[in-house]
Amino acid sequence: MTLRINNLAAIVGVGYIIGLKYAAIICAGSFLSYFVLVPLVHAFGSGVAAVVPPGTVAIGAMSIDQVFKSYVRMIGIGGHRGAGVIGIVSAFPSMVRSIALDSGHGPRGAGQGGSIPRTDRSLTMKEIGLGLGLLAAGPSSSSSSA
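Quantities reported herein were computed from a predicted structural model and do not represent experimental measurements.

Undergrad: Help me understand unusual backbone geometry in this model?
TA: In this structure, the amide linkage connecting proline 53 to the following residue, proline 54, adopts the cis form with an omega of 10°. With respect to the helices and strands, the residue proline 54 is situated in the loop between helix H2 (20–45) and helix H3 (64–102).

The structure is reproduced here in structure tokens:
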């Protein structure tokens, strides 16, 4: 059995950025991986004498880290990818409404003009397009040393 705590600054920073709820979900996924899935893969795979791809040795001869890297990590990556797709699909109607409203094709709210402070108004699609065009046409920041 192995217990490690990854307290690298980058990991702690990502946890702070995404918030306690999502950091706890990711932590729970790590616990599920190491305390449930790795033992299950090792227990069921120990009886198989052949090498099961994508592994390079028989599962019974693998260490905990080898089982994780060869099999369980793919499950975690699939979970992250699935969560991302679900997040995009669930946010898609809101994105479409926002783009339609900002491009002038959606219904405008009351008082969109002068009564709203400048700092609370959205940029128009023309302004966004102009800014993107200027950024794309700007000088590159590659440096060369002679």
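The discussion continues.
Undergrad: I would appreciate a short explanation of the layout of surface pockets in the present structure.
TA: Leftover empty space is mapped by rolling, across the atoms, a probe with the size of a water molecule. Roughly 1200 Å³ of volume is contained in the largest pocket. For the lining of the largest pocket, the secondary-structure elements that each account for two or more residues are helix H1 (9–18), H2 and H3. Broken down by element, the residue count for the lining of the largest pocket peaks at 13 residues, all from H2. Taken together, the residues of the lining of the largest pocket break down into 21 nonpolar, 10 polar and 2 charged.

Undergrad: Sorry if this is basic, but what is going on with H2 here?
TA: Note that an α-helix has 3.6 residues per turn; residues three or four places apart therefore point the same way. The terminal C-alpha atoms of H2, which comprises 26 residues, lie 35 Å apart, in line with the 38 Å expected from a rise of 1.5 Å per residue. At serine 33, H2 shows its strongest bend, of approximately 35°. Within H2, the full set of buried residues consists of Ser33, Val38 and Gly45.

Undergrad: Got a minute to help me understand the nonpolar core in this structure?
TA: Nonpolar side chains in soluble globular proteins tend to end up buried together. Within the largest apolar cluster, 7 residues are counted, these being Val38, Ile59, Met62, Val67, Phe68, Tyr71 and Val72. Ignoring anything within four residues of it in the chain, the contact list for phenylalanine 68 reads Ser33, Tyr34, Val38 and Arg73.

Undergrad: Can you help me understand the side chain of serine 33 in this one?
TA: The topology assignment puts serine 33 in helix H2. Relative accessible area serves as the criterion here: at 10%, serine 33 is assigned to the buried category. Here serine 33 is in contact with Val38, Pro39, Phe68 and Val72, once residues within four sequence places are set aside.

Undergrad: Where do I start with a nonpolar patch on the surface in this structure?
TA: Taken together, Ile88, Phe92, Met95, Val96, Ile99, Leu123, Met125, Ile128, Leu132 and Leu135 make up a surface patch of nonpolar side chains, about 990 Å² in accessible area. Elements represented by at least two residues in the nonpolar patch include exactly H3 and helix H4 (125–137). Ranked by the residues each element gives to the nonpolar patch, the list is headed by H3, at 5 residues.

Calculation criteria
- Residues numbered from 1 in each chain as written.
- Predicted model: local features only at pLDDT ≥ 70, side-chain atom pairs only at ≥ 80, totals over all residues.
- Heavy atoms only, no water.
- Helix = DSSP H or I, 4+ residues; strand = E, 2+ residues; numbered from the N terminus.
- 1 Å grid on protein atoms, 1.4 Å probe; cavity = no way out; pocket = protein on both sides within 12 Å on 5 of 7 lines; lining within 4 Å.
- Points joined across faces, edges and corners; volume = space filled by probe spheres on them.
- Nonpolar A, V, L, I, M, F, W, Y, C, P; charged D, E, K, R; others polar.
- Expected span 1.5 Å × (residues − 1).
- Bend = angle between axes of the 7 residues up to and from the residue.
- Buried < 20%, exposed > 50% of the residue type's maximum accessible area, 1.4 Å probe, protein only.
- Core = buried A, V, L, I, M, F, W, Y, C linked by side-chain atoms within 4.5 Å.
- Contact = heavy atoms within 4.5 Å.
- Patch = residues over 30% accessible without salt bridge, like charges linked within 9 Å, V, L, I, M, F, W, Y side chains within 5 Å.
- Areas by Shrake-Rupley, 256 points an atom, 1.4 Å probe, with all protein chains shown as cover.
- Salt bridge = Lys/Arg side-chain N within 4 Å of Asp/Glu carboxyl O.

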